[in-house]
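Residue-level structure breakdown
Here are the chains, one letter per residue:
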Amino acid sequence: MKTKKYFGVVLVISLVTVMSCNSGGSSATDNKKAMVGATVIFSDTGITRLVNSQVCMINNRFMNSEQIAVPLNDKTYYGCCEGCVKALKEDSTTHYIPDPLSGEQVDKAVAFIIGKPGSKEDVLYFKTETNAKEYFSKNLQRK
């Protein structure tokens, strides 16, 4: 019985977080408008390096417009809505993600960010440009 109650609470919190990124504040609305008609499809044959300020670092997605800057400890992170900004401010674990090549933790604020090949908005964070190129060439050879 308690498990169902906790599951319900977690489900509600998850839905509120997702909905806050998809509605409400003018920044989220402006970002959606900017993406309409301006979608970028990332290449399967070359790296598409992205500007950090156009990536929501909570959703790990390219938004194709300037995001809300969150300056912390001499670095700047970016979120697409107030919910993402709050998460970046309150949870430092959201600042890091494993490099897909080396597995090392990468600070998103200083990462080399590329568009995930074949995707319209998903991104990958790398410690260095060299790691991104090596990862890309290895994955391109698998196809």
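Residues numbered from 1 in each chain as written. Predicted model: local features only at pLDDT ≥ 70, side-chain atom pairs only at ≥ 80, totals over all residues. Heavy atoms only, no water.

Under the counting rule described, the total for this entry stands at six salt bridges. One salt bridge in this structure joins Glu121 and Arg61, with 2.2 Å as the shortest N-O distance. A residue pair is termed long-range when its members are at least 10 positions apart, and Glu121 in the loop between β7 (112-115) and β8 (123-126) and Arg61 in strand β2 (residues 61-62) qualify at 60 residues. With a closest N to O distance of 2.6 Å, Lys75 and Asp107 form a salt bridge. With Lys75 in strand β4 (residues 75-79) and Asp107 in strand β6 (residues 105-107), the pair connects residues that are 32 residues apart, well separated along the chain. Linked by salt bridges that have partners in common, Arg61, Glu121 and Asp122 make up one network. (Salt bridge = Lys/Arg side-chain N within 4 Å of Asp/Glu carboxyl O. Helix = DSSP H or I, 4+ residues; strand = E, 2+ residues; numbered from the N terminus.)

As a further point, take the pairing of β8. By the alternation rule, side chains of β8 split into Val123 and Tyr125 and Leu124 and Phe126, which are all buried. The pairing of β7 with β8 spans four bridges and is classified as antiparallel. The partner of Phe112 across the bridge, within β8, is Phe126. (Buried < 20%, exposed > 50% of the residue type's maximum accessible area, 1.4 Å probe, protein only. Pairing = 2+ DSSP bridges.)

Attention shifts here to the environment of Ser102. Positionally, Ser102 belongs in the loop between β5 (96-98) and β6. Using a relative accessible area of 37% as the deciding quantity, one classes Ser102 as partly exposed. C-alpha separation for the pair Ser102 and Phe126, spaced 24 residues apart in sequence, amounts to 8.6 Å. At a separation of 3.2 Å, a polar atom in the side chain of Ser102 contacts the main-chain amide nitrogen of Glu104. (Polar contact = N/O pair within 3.5 Å; in protein donor to acceptor, adjacent residues only side chain to side chain.)

In terms of strand pairing, strand β3 (residues 68-72) meets β4 through five bridges, oriented antiparallel. Across the sheet, Val70 pairs through a bridge with Tyr77, a residue of β4. In this structure, the hairpin formed by β3 and β4 is closed by a connection of two residues, where Asn73 is found at a positive phi of approximately 50°.

Turning to the confidence of the model for the protein chain, a few remarks are in order. In low-pLDDT regions, the fine details of the predicted coordinates are not to be read closely. Averaged over every residue, the pLDDT of the protein chain is 78; the share at 70 or more is 66%. Note on residues 6-20: pLDDT is under 50 here. Beyond four places in sequence and across chains, it has two contacts. Within the model, pLDDT remains below 50 along residues 23-38, and this stretch shows 20 contacts once partners closer than five positions in the same chain are excluded. (pLDDT = per-residue confidence, 0-100. Contact = heavy atoms within 4.5 Å.)

What follows deals with the packing of aromatic side chains. Applying the stated criterion across every chain, the model contains one aromatic pair. Centroid distance Phe126 to Tyr135: 5.3 Å. Interplanar angle 55°. Geometry classified as tilted. (Phe/Tyr/Trp six-rings, centres within 6.5 Å; stacked < 30°, edge-to-face > 60°.)

Turning our attention to the state of the cysteines. The tally for this structure, following the rule as stated, stands at zero disulfides. For the unlinked cysteine Cys80, the closest cysteine sulfur is that of Cys56, found at 3.6 Å. For Cys80, a relative accessible area of 1% gives the class buried. (Disulfide = S-S within 2.5 Å.)

Moving on: the side chain of His95. Within the element layout of this structure, His95 appears in the loop between α3 (82-90) and β5. What makes His95 buried here is its relative accessible area of 8%. If sequence neighbours within four positions are ignored, His95 has contacts with Leu72, Tyr77, Leu88, Val106, Asp107 and Lys108.

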